[in-house]
Amino acid sequence: MSICVNLDDAFKSAETINVYNEGVIKSYASNSKNFEEILDCWMDMISNAHIMPALGVSLNHLTTEAIQSGLWVEFGFAEQLESGELPYEKLLIQVAKGFYGFNLIRYNSVGGYDGRCFYYDLNGKNMDKLYELLLKS
């Protein structure tokens, strides 16, 4: 059974944050300083953002291949959540300088990263601060 939450509020209930940098993973628990810094930066970035329908879907095999390069951040939850009738256990985001919008790729233990995504339009903001912070993490 999923717990229904507003997508913006879901991040506040994350248990872990994983940072993928060129395939190398660093994990941060919710009680760590790095976790708090990343979450604060994230919440600032998405304040006033617009949630929009995603234009595509994620395919697990392509997504697991894609996270081997570039910079990605993943929020992990203790239980399955649901927003807009879409369930997830993790949310994965590609992070790059100059991004003004991005897909949030849902992960479920049954199908991995297969399925519809969420999309955020940052409403004039970009990911530059988050990008720099994740590189230092």
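Before reading on, note that the structure itself is shown above.
Residues numbered from 1 in each chain as written. Predicted model: local features only at pLDDT ≥ 70, side-chain atom pairs only at ≥ 80, totals over all residues. Heavy atoms only, no water.

Chemist: So what's going on with the pairing of strand S8 (residues 115-121)? Residues and values would help.
Modeler: Note: strand S4 (residues 50-58) against S8, six bridges, orientation antiparallel. Across the sheet, the residue bridging to Ser58 is Gly115, located in S8. Here strand S7 (residues 101-107) pairs with S8 via four bridges, running antiparallel. Considered in S8, the bridge of Leu104 is made with Phe118. (Pairing = 2+ DSSP bridges. Helix = DSSP H or I, 4+ residues; strand = E, 2+ residues; numbered from the N terminus.)

Chemist: So what's going on with a nonpolar patch on the surface? Residues and values would help.
Modeler: A cluster of nonpolar side chains, namely Val57, Leu59 and Leu62, defines an oily patch on the protein surface of about 270 Å² accessible area. Turning to its location among the elements, Leu59 is positioned in the loop between S4 and helix H3 (60-66). (Patch = residues over 30% accessible without salt bridge, like charges linked within 9 Å, V, L, I, M, F, W, Y side chains within 5 Å. Areas by Shrake-Rupley, 256 points an atom, 1.4 Å probe, with all protein chains shown as cover. Salt bridge = Lys/Arg side-chain N within 4 Å of Asp/Glu carboxyl O.)

Chemist: Lay out the pattern of salt bridges in plain terms, naming residues and giving numbers.
Modeler: Under the counting rule described, the total for this entry stands at three salt bridges. In this structure, Asp9 and Lys12 form a salt bridge, with 3.6 Å as the shortest nitrogen-oxygen distance. Residue Asp9 is classed as partly exposed on the basis of its relative accessible area of 41%. Since its relative accessible area comes to 56%, Lys12 is described here as exposed. (Buried < 20%, exposed > 50% of the residue type's maximum accessible area, 1.4 Å probe, protein only.)

Chemist: So what's going on with the packing of aromatic side chains? Residues and values would help.
Modeler: Under the criterion given, the structure shown has eight aromatic pairs. Here Phe77 and Tyr88 contribute two aromatic rings whose centre-to-centre distance is 5.6 Å and whose plane-to-plane angle is 65°, an arrangement assigned as edge-to-face. Highlighted residues: Phe77 in strand S5 (residues 71-83) and Tyr88 in strand S6 (residues 86-95), separated in sequence by eleven residues. Comparing Phe77 with Tyr88 shows no difference in burial state: the two are buried. Consider the rings of Tyr88 and Phe118, whose centres lie 5.9 Å apart with planes at 85°: the pair is edge-to-face. Here Tyr88, found in strand S6, pairs with Phe118, found in strand S8; they are 30 residues apart in sequence, far enough to count as distant. (Phe/Tyr/Trp six-rings, centres within 6.5 Å; stacked < 30°, edge-to-face > 60°.)

Chemist: Can you break down the packing of helix H2 (residues 33-46) against helix H4 (residues 128-136) residue by residue, with the values?
Modeler: It is the contact of H2 with H4, at a shortest axis distance of 9 Å, that shows an interaxial angle of 170°. On the basis of the axis angle, H2 is roughly antiparallel to H4. Note on element contacts: H4 touches H2 through Lys129, Leu130, Leu133 and Leu134, opposite Glu37, Ile38, Cys41, Trp42 and Met45. Of the residues that constitute the contact of H2 with H4, the class distribution is seven nonpolar, no polar and two charged. (Axes fitted to C-alpha atoms, helices over the stretch in contact; angles between N-to-C directions. Parallel < 35°, antiparallel > 145°, perpendicular 65-115°, else oblique. Contact = heavy atoms within 4.5 Å. Nonpolar A, V, L, I, M, F, W, Y, C, P; charged D, E, K, R; others polar.)

Chemist: Give me the lowdown on H2, citing residues and values where you can.
Modeler: Its 14 residues give H2 an end-to-end C-alpha distance of 20 Å, which sits within 8% of 20 Å, the value for a rise of 1.5 Å per residue. Of all the positions in H2, only Phe35, Ile38, Leu39, Cys41, Trp42, Met45 and Ile46 are classed as buried. Along H2, the residues classed as buried sweep out an arc of 165° about the axis, all on the same side. Structural note: H2 exposes Lys33 and Asp40 on the side pointing more than 90 degrees away from its buried face. Of the residues flanking the end of H2, it is Asn48, one or two places downstream, whose phi is positive at about 70°. (Expected span 1.5 Å × (residues − 1). Arc of directions from axis to C-beta.)

It is worth stressing that arrangement in space is one thing and function is another; only the former is reported here.
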